[in-house]
Amino acid sequence: LRIAGEVEVRRQITEVLSKAPSSLEYGRLRVSFHTTGELEILHETYHPWNNPARLTILNRPVKEDSPFSGMKTLPYVEYIESLRAARDAGFDEGIRLNSLDQVADGATSNLLLQIGGHWVTPNVASGALPGITRVLALEWFDIQENGLHRADLEMNESIYLLPSLKDIQPVH
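How each quantity is defined
- Residues numbered from 1 in each chain as written.
- Predicted model: local features only at pLDDT ≥ 70, side-chain atom pairs only at ≥ 80, totals over all residues.
- Heavy atoms only, no water.
- Salt bridge = Lys/Arg side-chain N within 4 Å of Asp/Glu carboxyl O.
- Helix = DSSP H or I, 4+ residues; strand = E, 2+ residues; numbered from the N terminus.
- Buried < 20%, exposed > 50% of the residue type's maximum accessible area, 1.4 Å probe, protein only.

Undergrad: Got a minute to help me understand the pattern of salt bridges in this structure?
TA: Using the criterion set out here, one finds 8 salt bridges in the structure. Residues aspartate 92 and arginine 54 are paired through a salt bridge, measuring 3.0 Å at the closest nitrogen-oxygen approach. A residue pair is termed long-range when its members are at least 10 positions apart, and aspartate 92 in the loop between α2 (77-88) and β4 (93-97) and arginine 54 in the loop between β2 (39-45) and β3 (55-57) qualify at 38 residues. Residue aspartate 92 is classed as partly exposed on the basis of its relative accessible area, which comes to 27%. With a closest N to O distance of 2.3 Å, glutamate 145 and arginine 134 form a salt bridge. Taken together, the positions of glutamate 145 in strand β8 (residues 143-146) and arginine 134 in helix α3 (residues 132-140) put the pair 11 residues apart, joining distant regions of the chain. Judged by its relative accessible area of 3%, arginine 134 is buried.

Written out as structure tokens, the structure reads:
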């Protein structure tokens, strides 16, 4: 298995960024090394939220008992495919449930729900990633970490997405 070296990675990053608009102020650069040896460089322009997110529940169960559960590790393809499935269905993000029908997280963000006047986020035992924004919200605010089930989604008073690389986004 051949993995691209630093010179090749830098060359490809430079090539991708040279295609970015000269007015670009903010963006996200993702560098992925696939098990095939392929290198993938992806640049996305940052766009602030203009509207609340539209969510769907994905039919892609999270393996909460996996040794990698709760870790942001490669292959990250599972998350990207989940996001693609949500977008292909006309949504901005998809809610991932585990095999016990518990709410885990979004395809690329954590979830914050208001239920019965209390703010909650799914616990990491569900398979949710302990995202940066999620961890800070738990530390700084009166938010509980609980096991949530699919039925709890219907009882929510508000939902927000907690992505690590964008602002907190309300959900419609």
